[in-house]
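In case you want the letters, here they are:
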2 protein chains.
Amino acid sequence: MPAVKSHTADLAARLVDEAGRLLAREGAAALTLRRLATASGTSTMAVYTLYGDKQGLLRAMYAAGFERLGAALRAAADAHDDPLEALIALGHAYRDTALVNPHLYDLMFGAAVPGFVPDEHAKAVADAAYQPLVDAVARCLAAGQFSGTPAERIALYLWSVSHGMVSLELAGHLPAGDPGAAYVEAMVYAGLPFIARAG
Amino acid sequence: MPAVKSHTADLAARLVDEAGRLLAREGAAALTLRRLATASGTSTMAVYTLYGDKQGLLRAMYAAGFERLGAALRAAADAHDDPLEALIALGHAYRDTALVNPHLYDLMFGAAVPGFVPDEHAKAVADAAYQPLVDAVARCLAAGQFSGTPAERIALYLWSVSHGMVSLELAGHLPAGDPGAAYVEAMVYAGLPFIARAG
DNA sequence: AAGCTAACTATAACAACGTTACAGAAGTTC
DNA sequence: GAACTTCTGTAACGTTGTTATAGTTAGCTT
């Protein structure tokens, strides 16, 4: 069999892309190296030469997921001039991104794959994705909306509420027939002003 | 080898117990049927006769985890007369329970094991565990602490904040050196009064 | 009370997984 | 043009969940 040089950076990107599609459509149990290899038109060795092992591929998927999340958040925030509206839009964008690929969301936050642990670089990417939220809160503070609490703390609170709400929705713990979007919005609205007052 | 009847209800309980210990100590990757069987002094078939398959065992662990969580919440709430203090105690108890066995928490909320999906019975147990929180909020409402928002909605909000915060802490997204307990408490304090005002 | 039937348990085999060793082909260098 | 290095696909290994098989025990029937 020929051995034409095919394990390039292009294939590396296509592997992560195809793995994400596989994960989205059939879940973590279907994400096997053999299936990924045949779907990508290569052999299982490609994962080993390009990512070391399956964990390396998962780390790349983890980082890609957070980069996509960060981009979505940034786009949502930039679409609104009013800082409070931007904050609400961030909540919606966060939920939408999670719901588009729940299994990827599980990989990013839960332990979707047994032995998986993100390395420091991956975690740094994750925390960078969360930055647009801090910026939006800072804009609110600059506009005099709230005061007395540092932006990082308010942003962390908002992240907790959004993540908690989305997680419960994905796990099926939200009351039936009650759209999660309304919850997220209500909670963001509800918690924000007081946080500022609480200090 | 003798086939003395040993797959009794007692063994069923011991299997879940041992599986929980294995999950807590070494994570989901170490929870294999062979290891569980030898650790429990039986064969892998015990799981199949008693629980159908591995999924059945996981469902039992899921239900047991939520029952334990519900008991811990109830105990925490009952330990305080003041309804607001009971609410704070609930937040701490929730976090403590999650941190004692993070992998079990992942199984309960994330997708710690690839193909796992809880059945309706298991989900009912989960929602029952959440009832002490609703009760505590209702006591606060009865005491005139808040008004204008149904207890279920406030409780759901508190659950979201607590779960979100604990999840972020477990995933390593909380600022270093900042104990999660303080966060949970601050957030519960911060969000509660306003929720009532927001309606 | 003895024998038959049905249920239950352990061993062994099977397909599939992640991973590693092996071997052969393409590209590089003198 | 030949030797060498690098890289890719195939095959094998150990382990997983699961299933088939075979042997043993308990309980009912007569």
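Structural data are supplied above this passage.
Residues numbered from 1 in each chain as written. Chains lettered and ligands numbered in written order. Predicted model: local features only at pLDDT ≥ 70, side-chain atom pairs only at ≥ 80, totals over all residues. Heavy atoms only, no water.

Moving on, we come to the packing of helix 5 (residues 83-100) of chain A against helix 6 (residues 102-109) of chain A. Residues and elements named next belong to chain A. Between helix 5 and helix 6, the least distance of the axes is 5 Å, while the angle of their chain directions is 105 degrees. Comparing the axis directions of helix 5 and helix 6 gives the class roughly perpendicular. Facing helix 5, whose interface residues are Tyr94, Ala98, Leu99 and Val100, helix 6 presents Pro102, Tyr105 and Phe109. A per-class count over the contact of helix 5 with helix 6 returns seven nonpolar, no polar and no charged. (Axes fitted to C-alpha atoms, helices over the stretch in contact; angles between N-to-C directions. Helix = DSSP H or I, 4+ residues; strand = E, 2+ residues; numbered from the N terminus. Parallel < 35°, antiparallel > 145°, perpendicular 65-115°, else oblique. Contact = heavy atoms within 4.5 Å. Nonpolar A, V, L, I, M, F, W, Y, C, P; charged D, E, K, R; others polar.)

Our next topic: the nonpolar core. One finds Met61, Phe66 and Leu107 of chain A together with Met61, Phe66, Leu107 and Leu133 of chain B to be the most contacted residues of the largest nonpolar core, which totals 116 residues. Apart from the residues within four sequence positions on either side, Phe66 of chain B is in contact with His173 of chain A together with Met108, Phe109, Val125, Ala126 and Ala129 of chain B. (Core = buried A, V, L, I, M, F, W, Y, C linked by side-chain atoms within 4.5 Å. Buried < 20%, exposed > 50% of the residue type's maximum accessible area, 1.4 Å probe, protein only.)

Further remarks concern the packing of aromatic side chains. The relative placement of two aromatic rings is captured by the distance of their centres and the angle of their planes. Counted under the stated rule, the structure contains 14 aromatic pairs over all chains. Judged by centre distance (4.5 Å) and plane angle (25 degrees), the rings of Tyr130 of chain A and Trp159 of chain A are stacked. Taken as a pair, Tyr130 of chain A in the loop between helix 7 (120-129) and helix 8 (131-142) and Trp159 of chain A in helix 9 (residues 151-171) lie far apart in primary sequence, 29 residues in all. Of the two residues examined, Tyr130 of chain A and Trp159 of chain A, each falls in the buried class. Ring plane angle 70 degrees and centroid distance 5.4 Å describe the contact between Phe66 of chain B and Phe109 of chain B, whose orientation is recorded as edge-to-face. Placement of Phe66 of chain B in helix 4 (residues 54-78) and of Phe109 of chain B in helix 6 (residues 102-109) is noted, with a sequence separation of 43 residues between them. By relative accessible area, Phe109 of chain B is classed as buried at 10%. A network of ring pairs unites the aromatic residues Tyr62, Phe66, Tyr94, Tyr105, Phe109, Phe116, Tyr130 and Trp159 of chain A as a single cluster. (Phe/Tyr/Trp six-rings, centres within 6.5 Å; stacked < 30°, edge-to-face > 60°.)

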